[in-house]
Amino acid sequence: MKQVLRLFISMLLFTALVLPVFAGGDQEGAAVDEPVTIEFWTSQTQSDRIATIQVLIDTFQVMNPNITIKLIPVDENDIPTNINTAAAAGTMPALIEIAAENAVAFGTEGLLDIDAATGSINEIGAERFYAGTLKLNESTKAGEYYGMPYHGWVQGIWYRADWFEEAGLNPPSTWEDIEKAAAYFYKPSENKYGILVGTKEETYAEQCFTQFAMSNGAGLFDKNGKLIFNSPEMKEVVEYYARLAKYNPPGPQTWRARDYYLQGRMAMFFYSTYIMDDLALQEDAAGSLTGENFSELAGADFDPDLVEHTRLASTISNSQDAGYGVVNSLAFPDHGDALKTAAAQRFVRYLYTPNAYITWLHMAPGGMNPVLAEIAGNERFQNDPKGLFQHYGKEKMQEIISGLNSIETFSIVEGNRIAAASIIYSKMVIPQMIYKITQEGMGIDQAMAWAEAEMAKLQ
Amino acid sequence: MIQTETTLASRFTLRQREQIFGWALILPAVVIILSMILYPIIYNMYLSFFDVNFHGKNTYLGLENHKEVALDPFFWKAVGTTVLYVVFTTVGTTLLGLIVAMAMNKRFPLRWLVRSLILFPYVAPVISVVFAWQFLFDPVQGIVMDLMVEKLGIFSERFNLIGSPKSAVWIAVTFSIWKNFPFAYLMFLSRLQAIDKNMYEAADIDGANGWAKFRYITLPEVYFVMGALVLLRIIWNFNKFEEIYLLTTNVKVLSVYTYFKAFIGTMEMGQGSALVVIQFLLLIGFILIYVKRVLKW
């Protein structure tokens, strides 16, 4: 018995004193010398994308036999709830792929390992990233990051250029032109609708709304972090948004209603550049053309001319011009296990190597755009499997990618990081307000007062 | 070994030993119930007195959460929606179940096939039928609006039955009746089959009409089955979550409202717990009155 105890104690001492010496002498990053299993949460939930990410993981695991990665897809709307409960339960994953806004929200709540993200960014080289995408992930301290930008999309209003031309309408860029066109094309008796803006309590509504708010110079906070949501500018935006929502198809709507556009039932809708391949390629559009069950109903054939007839208005203007998009980031939850973080960092380094990176981006050409300048110019990247670069032209694609550099958000005001705005994004206060106004018929003043009270709780 | 047995035998009487054996048998069940049901309930009650903070310490608030919930107009709206949902689904499933059971109690060809097909909505997985219903009611592509507007011309314009908060509750009620009436039907049918046919014959001889036979024979015979069915349906539907939430998130009955309060947006766990406690008290109070008055226990 005594001998066993002695052996045990000497082993303990050995690990405590001697091992760190070896570990310290390791090359870039901490080594992963013992078998470790980590969880990777991704917001990519489509089965084909999961399969692609799994291939990347399998490849990485062959090169790093000590590391096992479990891929867990989580719907983007469920991520805040899941990460908060995982933190409370002590079951945080080692790596998550989330919107940068959420990375800031979780980082502010102390859920993320800032050193790991900053370390990995510096290892890859901060200067290689588009500065704008890094800025979206920056913490209150310059040069320290909550997450690492990985890929992003730009949103805008996609519209039927042929219909607009026929009707003699201007492209939907200014508030006035958008509303005029929405009213013109709203023909509910023919089952056709003018526009689609998000009215369901989901992130999509926030994304549509933000661009309008930005175009009217309305924010949630001033640069000192004072809540100024209930301002005359913001009220104008809410009123305008509620008016636009009247030209929506009936009831609460969200991104799923892109189906209506692909079936020729809608003149304009908000969407990210993820729609590009659906417009251009038949096999991608198939999921939105579900006519097989009710052939006499809405199901429509793929319209090969739709892509020619569709244009993107990526800027909205009222008192100023505003573009909007979302950068997705990789972040390391703070779970206190250095070995797991080291394994996750190693995997992340692999994800930024050109081959892995381009494989990832090619899952959704147009929708997933690189945040490293050298990848954007990479020939293999531009030769995407769906032929989008060929279809839309390199120039258009480059314009979209460079849009990532100038994304505006409520959470950066005149260069100052306002973390509370990211928490408000994460908790979906604005979508709830929009829902109350457009679906439950609550008055605008009352709903805005409600939203401001909820926002104040989160500060 | 023999010695222990004798001491055990001498220390306890046969009756006591049987009691010990009985306790030993139900012990696993008791442990599971205590740990999986009672503990969460008590912990939930405990939480309802706190401002729950995920990443730090909880702050004791006393009855603040309960007060805030009770003064919240959205809460009373949720109570109203719940009562409406429970009343209509309970009446609907019970009546429909009774009518169908009485029809299925008559003889006709292929009755065995029809009897089993009726069970289909009840046994089908909720998630699959929910998606089918959502598709039926989609305002732009669904068959319901196509029929109502294009084919029959009942309405001049399409609208979102399943999405608008005002109409969605009625879709949820209809869905629940459709999904759950087979259970009532099954219970009624088995009771109806056990009624003595001689009573109906005697009533026929006395010249009773169909209504009188139903009123004075069938109804008293199924009374307690009906009482139990109503009670069960009220308990189940008062706490119903998945059928409603999956179909449409717009029907804020208490369970859905609690979910939004606790897990969406500002995630107010303490208030969520307080809500559940109040919901629990409402239900317990109701059950006590019901059992005493209607089931006459």
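What you are looking at is a predicted structure, and each value in this text was computed from that prediction instead of being measured.

### Comments concerning the overall build of chain B
Here is step 1: Tallying secondary structure elements over chain B gives 14 helices and 2 strands in all.
Here is step 2: The C-alpha atoms of chain B give a radius of gyration of 26 Å, which is well past the 19 Å a tight globule of 297 residues would have.
Here is step 3: With respect to the principal axes defined by its C-alpha atoms, chain B has extents near 80 × 60 × 35 Å.
Here is step 4: Split into buried and exposed, the 297 residues of chain B put 41% on the buried side.
Here is step 5: A fraction of 65% describes how many contacts in chain B between residues 6 or more apart in sequence connect residues 24 or more apart.
Here is step 6: Of the roughly 17300 Å² that chain B leaves accessible, carbon and sulfur atoms contribute 71%.

### A closer look at the domain arrangement of chain A
Residue and element names in this part refer to chain A.
Here is step 1: By the assigned domains, chain A splits into domain 1 (26–153 + 326–406) and domain 2 (155–324 + 421–458).
Here is step 2: Its C-alpha centre places domain 1 at a distance of 28 Å from the equivalent point of domain 2.
Here is step 3: Here domain 1 and domain 2 share an interface that buries about 2200 Å² over both sides, 58% of which is from carbon and sulfur atoms.
Here is step 4: Per-residue buried area on domain 1 facing domain 2 is highest for Asn77, Trp153 and Tyr392; these three make up 28% of the total on that side.
Here is step 5: One can count 1 salt bridge joining domain 1 with domain 2.
Here is step 6: Between Lys427 and Glu109 there is a salt bridge; the shortest N-O distance is 4.0 Å.
Here is step 7: At the boundary of domain 1 with domain 2, the tally comes to 4 residue pairs in polar contact (both at pLDDT 80 or more).
Here is step 8: Those elements that provide at least two residues to the side of domain 1 that touches domain 2 are helix H4 (79–89), helix H5 (100–108), strand E4 (148–160), helix H20 (388–392) and helix H21 (394–403).

### Describing the layout of surface pockets
Here is step 1: By volume, the second largest pocket is sized at about 830 Å³.
Here is step 2: Looking at the second largest pocket, it is lined by 31 residues, and the ones nearest its centre are A:Lys436, A:Glu440, B:Phe74, B:Lys252 and B:Tyr257.
Here is step 3: Mapped by element, the contributors of at least two residues to the lining of the second largest pocket are helix H23 (429–438) and helix H24 (444–458) of chain A together with helix H4 (73–104), helix H9 (165–193) and helix H13 (254–263) of chain B.

### Thoughts on the interface of chain A and chain B
Here is step 1: Facing the 36 residues of chain A at the interface are 30 residues of chain B.
Here is step 2: Regarding the contact of chain A and chain B, the summed buried area is about 2900 Å², with carbon and sulfur atoms giving 59% of it.
Here is step 3: On the surface where chain A and chain B come into contact, there are 2 salt bridges.
Here is step 4: The partner of B:Glu268 in a salt bridge is A:Lys457, with the nearest N and O atoms 3.3 Å apart.
Here is step 5: The interface formed by chain A and chain B contains 8 residue pairs in polar contact (both at pLDDT 80 or more).
Here is step 6: Here the residues of the side of chain A that touches chain B sort into 16 nonpolar, 9 polar and 11 charged.

### Thoughts on the pattern of salt bridges
Residues and elements named next belong to chain A.
Here is step 1: Using the criterion set out here, one finds 19 salt bridges over all chains in the structure.
Here is step 2: Arg258 is paired through a salt bridge with Asp259; the nearest N and O atoms lie 3.9 Å apart. For the pair Arg258 and Asp259, a shared accessibility class is recorded, and that class is buried.

Here is what the cut-offs are and how they apply
Each chain has its residues counted from 1, running along the sequence as written. All chains are assigned letters beginning with A, and all ligands numbers beginning with 1, in the order in which they are written. Local features are withheld for residues below a pLDDT of 70 in this predicted model, meaning they are given only at 70 or higher, and side-chain atom pairs are given and counted only at 80 or more; totals for whole chains, interfaces and linings count all residues. Only hydrogens and water are set aside; all other atoms, that is, all heavy atoms of the structure, feed into the side-chain values. Under the DSSP-based scheme used, a helix requires at least four consecutive residues in state H or I and a strand at least two consecutive residues in state E, with every element numbered from the N terminus. Every radius of gyration here is taken over C-alpha atoms, with the globule rule written as 2.2 Å times N^0.38, N being the number of residues. We call a residue buried when its accessible area falls under 20% of the maximum for its residue type, exposed when it is over 50%, and partly exposed in between, using a 1.4 Å probe and counting protein chains only. Contact criterion: two residues are considered in contact whenever any of their non-hydrogen atoms come within 4.5 Å of each other. For the area figures, the Shrake-Rupley method with a 1.4 Å probe applies, and any residue is considered shielded solely by the protein chains shown. Domain delimitation follows an automatic or database domain assignment. By buried area we mean the combined loss of accessible area, with a 1.4 Å probe, across both parts when two parts are placed together. Salt bridge, as applied in this entry: a Lys or Arg side-chain nitrogen positioned within 4 Å of an Asp or Glu carboxyl oxygen. Two N or O atoms form a polar contact when they lie within 3.5 Å of each other; inside protein one atom must be a possible hydrogen donor and the other a possible acceptor, and for residues adjacent in sequence the pair counts only when both atoms belong to side chains. In this analysis the probe radius is 1.4 Å and the grid spacing 1 Å, with only protein atoms considered; a cavity is a set of points the probe fits into but cannot get out of, a pocket is an open set with protein on both sides within 12 Å along at least five of seven lines, and lining residues have an atom within 4 Å of a point. Grid points are joined across faces, edges and corners, and a volume is the space filled by probe spheres set on the points. Any residue that is not Ala, Val, Leu, Ile, Met, Phe, Trp, Tyr, Cys, Pro, Asp, Glu, Lys or Arg is counted as polar, Gly included; the first ten are nonpolar and the last four charged.

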